[in-house]
Protein chains: 4
Amino acid sequence: MVNAEYPHWQTVPLRWKDNDVYGHVNNVVHYSVMDTVINTWLIERGGLDIETGGVIGLCVESQCKYHASVSFPGELEVGLRVDHLGRSSVRYEVGMYSKETVIAEGRFVHVFVDRESRRPVPVEGLLRSALEELRTGLG
Amino acid sequence: MVNAEYPHWQTVPLRWKDNDVYGHVNNVVHYSVMDTVINTWLIERGGLDIETGGVIGLCVESQCKYHASVSFPGELEVGLRVDHLGRSSVRYEVGMYSKETVIAEGRFVHVFVDRESRRPVPVEGLLRSALEELRTGLG
Amino acid sequence: MVNAEYPHWQTVPLRWKDNDVYGHVNNVVHYSVMDTVINTWLIERGGLDIETGGVIGLCVESQCKYHASVSFPGELEVGLRVDHLGRSSVRYEVGMYSKETVIAEGRFVHVFVDRESRRPVPVEGLLRSALEELRTGLG
Amino acid sequence: MVNAEYPHWQTVPLRWKDNDVYGHVNNVVHYSVMDTVINTWLIERGGLDIETGGVIGLCVESQCKYHASVSFPGELEVGLRVDHLGRSSVRYEVGMYSKETVIAEGRFVHVFVDRESRRPVPVEGLLRSALEELRTGLG
């Protein structure tokens, strides 16, 4: 854990292909890191079944501010919190750090929908409680 | 050209790997598409030399709103405009369409820096005029 | 069409993210290009339904020899042929060219399986005839 | 360490984006994993300087056989050995495992070249000794 601003942390090692022509991790990769950390939590703690479950999370908005560069080889320490949990949607905030330096800060909004109809459904049960665990009391 | 809201258009065909488990283009891919269309313009029209040029563009902020899904096989029609051009930075707006339907709208901010020092430098000459061409008069 | 060695050709434009630290398209990308061209053919000509069809193609072996480098911005002209078509499997050969220069040559083996059981199934009907069209008489 | 067939092991966690439409890690990803493990070794043990060093490693051939599928979330245990070390080139063998099951086996050939001229150079010094460490006595 890098700091107490985020209730959950996951380490994401970098890959050779993450570096771009300028020798640092490309701006696109940070979104892949966010997606990975968020979905790992949803699957392992929230019971999300990405293969056959009736409810899936669709990204409707994402954003990232880049403060410093980082390069492979290395890893990102990624903090995750929920700053708003609505009936069918959730907004996450993600902090990406390397050696205690903040590299980037992202936001990511999921709307949970029915896999077939792709219409919003209420966030309930295990999924809701897993997201509640990530709340910081600010949302 | 899909519409007149963007002065420049480029077609980006999708790839097999763009689809994720849910069968549609993953939210990360839209950022790779933005990066591609912006840099193609900078290289072909703005004289950006990504290999050896003294000035490079670093992404300091990006954002995307997703309105509809799209899947491989297929392609995105991508519109590009500049909504703010400062001394060292530029903010682009990117519209991604499929068959005249807006799929996603992105924002992307470049700061131009010296390749070695990574300190901001003024946007001048060919690079500036290429970016001016993308302005819509709104910025 | 670059040459007559391949019965089918598709152009694949490069993306910013395809270039790696060394300024050229990373060796991993060529496999993504192969996957894209092969699956485009299977979907558009062979009736492959990647979302809900009962039969899917799994890659069991792939290979690539790299002859020259290529960089974004640019595109690959990709030739596709079938050099062996068995009961349940097919071996493709893929030629990747830039401006008439051969960049890389790949091989890719698909085994067609039942989506649920993942057991091999015979290649029949439209799928088989689409693959037959790509044969060069050498297999 | 999964077994003694490989002198070096590295764990590579999977990412959300590694899964494709069929719900398992796409065949392209295995090459990115190989590239990552090989270059991590070269940088950390062989003194390879990917940013400014005079010598770089170019992939001239790669290959992979896929034995079983694996999915995010999860990780690959990756074994690395050298089965041939020549004057300017090296051939690696890579075993990718998940929970003691072999998922895929790859081969990857690097030719070391001068960064500017891109002409082959002899593998010497720290780089050579790092590669010697990976030899299994079979090459």
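The structure under discussion appears in the preceding block.
Conventions adopted
Residues numbered from 1 in each chain as written. Chains lettered and ligands numbered in written order. Predicted model: local features only at pLDDT ≥ 70, side-chain atom pairs only at ≥ 80, totals over all residues. Heavy atoms only, no water. Least-squares fit on C-alpha atoms with pLDDT ≥ 70 in both. Contact = heavy atoms within 4.5 Å. Pairing = 2+ DSSP bridges. Helix = DSSP H or I, 4+ residues; strand = E, 2+ residues; numbered from the N terminus. Axes fitted to C-alpha atoms, helices over the stretch in contact; angles between N-to-C directions. Buried < 20%, exposed > 50% of the residue type's maximum accessible area, 1.4 Å probe, protein only. Parallel < 35°, antiparallel > 145°, perpendicular 65-115°, else oblique. Buried area = accessible area lost by both parts, 1.4 Å probe. Salt bridge = Lys/Arg side-chain N within 4 Å of Asp/Glu carboxyl O. Polar contact = N/O pair within 3.5 Å; in protein donor to acceptor, adjacent residues only side chain to side chain.

1. Looking at the relation of the copies chain A and chain B
Stage number 1. Each copy of the sequence occupies a distinct position, and chain A is placed on chain B by a rotation of 180° and an axial shift of 0.0 Å, giving an RMSD of 0.0 Å. Such a combination of turn and shift is consistent with a two-fold rotation axis. Considering only C-alpha atoms, the residue of chain A closest to the rotation axis is Gln-63 of chain A, which sits at 2.1 Å.
Stage number 2. Same-surface contact between copies: 100% of interface residues of chain A are shared with the interface of chain B.

2. A short note on the sheet that holds strand β1 (residues 8-13) of chain B
Stage number 1. The 10 strands lie next to each other as β1(A)-β3(A)-β4(A)-β5(A)-β2(A)-β2(B)-β5(B)-β4(B)-β3(B)-β1(B), forming an open sheet whose pairing is antiparallel. The sheet is open, and its two borders are formed by β1 (8-13) of chain A together with β1 of chain B, each paired with just one other strand. Along the sheet, successive strands turn relative to each other by an average axial angle of 30°, direction set aside.
Stage number 2. Alignment of strand β4 (residues 89-98) of chain A against strand β5 (residues 101-114) of chain A, held across 10 bridges, turns out to be antiparallel. Counterpart to Glu-93 of chain A in the pairing with β5 of chain A is Arg-107 of chain A.

3. As for the relation of the copies chain B and chain C
Stage number 1. For the match of chain B to chain C, the screw axis carries a shift of 0.0 Å, the RMSD comes to 0.0 Å, and the turn is 180°.
Stage number 2. Mapped onto chain C, 100% of the interface residues of chain B are again interface residues, and the two copies thus contact each other with one and the same surface.

4. A word on the environment of Val-12 of chain B
Stage number 1. Tracing the backbone shows Val-12 of chain B in strand β1.
Stage number 2. Residue class for Val-12 of chain B comes out buried when judged on its relative accessible area of 4%.
Stage number 3. In this structure the C-alpha to C-alpha distance between Val-12 of chain B and Val-37 of chain B, which are 25 residues apart in sequence, comes to 8.2 Å.
Stage number 4. Setting aside its immediate chain neighbours within four residues, Val-12 of chain B contacts Val-33, Val-37, Glu-75, Leu-76 and Val-78 of chain B together with Arg-15 of chain C.

5. Some words on the packing of helix α1 (residues 27-44) of chain A against helix α1 (residues 29-44) of chain B
Stage number 1. Between α1 of chain A and α1 of chain B, the least distance of the axes is 9 Å, while the angle of their chain directions is 175°. Accordingly, the angle class assigned to the pair α1 of chain A and α1 of chain B is roughly antiparallel. Together, Asn-27, Val-28 and Tyr-31 of chain A of α1 of chain A and Tyr-31, Ser-32 and Asp-35 of chain B of α1 of chain B make up the contact between the two elements.

6. As for the interface of chain B and chain C
By a widespread convention, an interface's size corresponds to the accessible area lost as its parts come together.
Stage number 1. Counting residues at the interface gives 22 residues for chain B, matched by 22 residues for chain C.
Stage number 2. For the pair chain B and chain C, the two sides together bury roughly 1800 Å², of which 59% comes from carbon and sulfur.
Stage number 3. Summed over the shared surface of chain B and chain C, the number is 2 salt bridges.
Stage number 4. With a shortest N-O distance of 2.8 Å, Arg-15 of chain C and Asp-18 of chain B are connected by a salt bridge.
Stage number 5. Seen at the junction of chain B and chain C, the total is 8 residue pairs in polar contact (both at pLDDT 80 or more).
Stage number 6. For the side of chain B that touches chain C, the elements supplying multiple residues, two or more each, are β1 and α1 of chain B.
Stage number 7. In terms of residues, the side of chain B that touches chain C owes the most to one element, α1 of chain B, which gives 8 residues.

Taken by themselves, the reported measurements are silent on function.
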